[in-house]
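So the chains spell out like this:
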Amino acid sequence: MDGSAPITRAEHNEFAKRLEEENRRQDKRIELLERSVREIGALTTSVEKLAMSVESMVKEQAKQGERLEALEARDGEKWRKLAGYAASVLVSAIAGFLLAQIGLT
């Protein structure tokens, strides 16, 4: 064939049939790709929401840690004051006893 001869109806129909089959295959591939893109988009959205949730949780946990430290420090401070008062009373009692023994009181 030199390329200038016309093709037969059967050749044309076979060519058209193959083109239609190729179009169907490509349409299916495009459909699968579009579905994958939608799933990836949904997954991306879910990951973004999860990241925001984790970030919020980390901030809240940091706040709770600060409040816990403040509470622990406050209770510790009360015990230190109480121990200081008890030591002052004990020292005063001992000093008073010693002064009484010496006869200064």
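Residues numbered from 1 in each chain as written. Predicted model: local features only at pLDDT ≥ 70, side-chain atom pairs only at ≥ 80, totals over all residues. Heavy atoms only, no water.

## What about the overall build of the protein?
Here is the rule: Segments assigned H or I by DSSP are reported as helices when at least four residues long, segments assigned E as strands when at least two residues long, and all are numbered from the N terminus. We compute the radius of gyration over the C-alpha atoms and compare it with the globule rule, which gives 2.2 Å times the number of residues raised to the power 0.38. Relative accessible area decides the class of each residue, using a 1.4 Å probe on protein chains only: under 20% of the type maximum gives buried, over 50% gives exposed, and in between gives partly exposed. His is not counted, nor are the chain ends; Lys and Arg add positive charge and Asp and Glu add negative charge. Working definition for charges: the position is that of NZ of Lys, CZ of Arg, CG of Asp or CD of Glu.
When helices and strands are tallied, the protein shows 1 helix and 0 strands. On C-alpha atoms alone, the protein measures out to a radius of gyration of 44 Å, which is more than a quarter above the 13 Å that the 2.2 N^0.38 rule sets for 105 residues. For the protein, the spread of C-alpha atoms along the principal axes amounts to about 140 × 20 × 10 Å. Taking all 105 residues of the protein together, the buried fraction comes to 1%. If the 17 positive side-chain charges of the protein are averaged to one point and the 18 negative ones to another, these points end up 5 Å apart.

## Remarks on the pattern of salt bridges
To be explicit about the condition: In the sections that follow, a salt bridge refers to a side-chain nitrogen of Lys or Arg positioned within 4 Å of a carboxyl oxygen of Asp or Glu.
All told, the structure shown has 6 salt bridges when counted by the stated rule. Where Lys59 meets Glu55, a salt bridge forms, and the shortest distance between an N and an O atom there is 3.6 Å. With Lys59 and Glu55 both in helix α1 (residues 9–102), this residue pair falls 4 residues apart, about one helical turn. Lys59 gets classed as exposed once you look at its relative accessible area, which sits at 51%.

## Digging into a negative patch on the surface
Where we set the bar: Patches draw on residues past 30% relative accessible area with no salt bridge. Two like charges within 9 Å are joined, as are two nonpolar side chains (Val, Leu, Ile, Met, Phe, Trp, Tyr) within 5 Å. What sets the accessible areas is the Shrake-Rupley method with a 1.4 Å probe; for residues, cover comes only from the shown protein chains.
Side chains of Glu66, Glu69, Glu72 and Asp75 sit close together on the surface and give a patch of like negative charge. In this fold, Glu66 is placed in helix α1. Overall, the relative accessible area of 55% leaves Glu66 in the exposed class.

## Some words on the environment of Glu22
Following the sequence through the fold, Glu22 ends up in helix α1. Residue classification places Glu22 among the partly exposed positions, given a relative accessible area of 31%. For the pair Glu22 and Leu32, spaced 10 residues apart in sequence, the C-alpha to C-alpha distance is 15 Å.

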